[in-house]
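For reference, the chains in residue letters:
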Amino acid sequence: MKKGQKKSLKMKHFENKSESFFREIRKVIIYKASSINYINNLQGVIPQLMNAIYSFEVVPESFSYKMATKTQNKNYLFELEVNFPLLDLSFETVDFCFDSFNGDDFAIVFQTNSDQLLFGNDREPIKVEFIDNKKLDNSGNDEYTIALSGKSIIKPKYTIL
């Protein structure tokens, strides 16, 4: 293209039809943030499962996911807020989670029935909190919540399973 020439724009058409299947979360895999470097996260390289430190099967109907796109200093920023219940109320599991979480040095992989997403890295770690939501009211609705939150300047990249 010569200097001063304008690039011609060609219209891009989107049919905007819904998918023919339902995507649902199946698993949350947690890594130490130090095991995911920034460049690999930028390139969408999913870490090996053998490097994970925790893995949770998830009930899709109780999974709450919010990924907000914001701007900061004229740059995009992606803000994650996720939570899901821990239904295993055994003393062993609860004690383990209290001792292991409530920190901000993690990276997360979300697996659905069709793809996966990596969020967090050694420069932009994710916070994992373990929250007591027991009602103790004979309702049968006792649970703990695992809440994940964090920010990243890296655009989320989905990879096919």
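Refer to the structure presented above.
About the cut-offs
Residues numbered from 1 in each chain as written. Predicted model: local features only at pLDDT ≥ 70, side-chain atom pairs only at ≥ 80, totals over all residues. Heavy atoms only, no water. Helix = DSSP H or I, 4+ residues; strand = E, 2+ residues; numbered from the N terminus. Rg over C-alpha atoms; globule rule 2.2 N^0.38 Å. Buried < 20%, exposed > 50% of the residue type's maximum accessible area, 1.4 Å probe, protein only. Areas by Shrake-Rupley, 256 points an atom, 1.4 Å probe, with all protein chains shown as cover. Lys, Arg positive; Asp, Glu negative; His and termini not counted. Charge placed at Lys NZ, Arg CZ, Asp CG, Glu CD. Core = buried A, V, L, I, M, F, W, Y, C linked by side-chain atoms within 4.5 Å. Contact = heavy atoms within 4.5 Å. Polar contact = N/O pair within 3.5 Å; in protein donor to acceptor, adjacent residues only side chain to side chain.

Draft legend 1. Local environment of the overall build of the protein chain. A count of helical and extended segments in the protein chain gives two helices and nine strands. Its C-alpha atoms give the protein chain a radius of gyration of 19 Å, more than 25% over the compact-globule value 15 Å for 161 residues. C-alpha extents for the protein chain along the principal axes are approximately 75 × 35 × 30 Å. Counting the 161 residues in the protein chain, one finds 35% classified as buried. Surface summary for the protein chain: the accessible area is close to 11200 Å², and the carbon and sulfur share equals 50%. For the protein chain, the separation between the mean place of its 21 positive charges and that of its 21 negative charges on side chains is 20 Å.

Draft legend 2. Layout of the nonpolar core. V28, F56, F101, I108, F110, I146 and L148 are the most contacted members of the largest nonpolar core, which has 26 residues in total. Per element, the largest residue contribution to this core is five residues, and it comes from strand β4 (residues 75-86). Leaving out residues up to four positions away in the same chain, F110 has contacts with I25, K27, V28, F63, Y65, L80, V82, D115, Q116, L117 and L148.

Draft legend 3. Representation of the side chain of N121 in the model. Along the chain, N121 falls in the loop between β6 (115-119) and β7 (126-132). Judged by its relative accessible area of 0%, N121 is buried. Polar side-chain contacts of N121 include one of 2.8 Å to the backbone nitrogen of R123. In this structure the side chain of N121 is engaged in a polar contact, spanning 2.9 Å, whose partner is the backbone nitrogen of E124.

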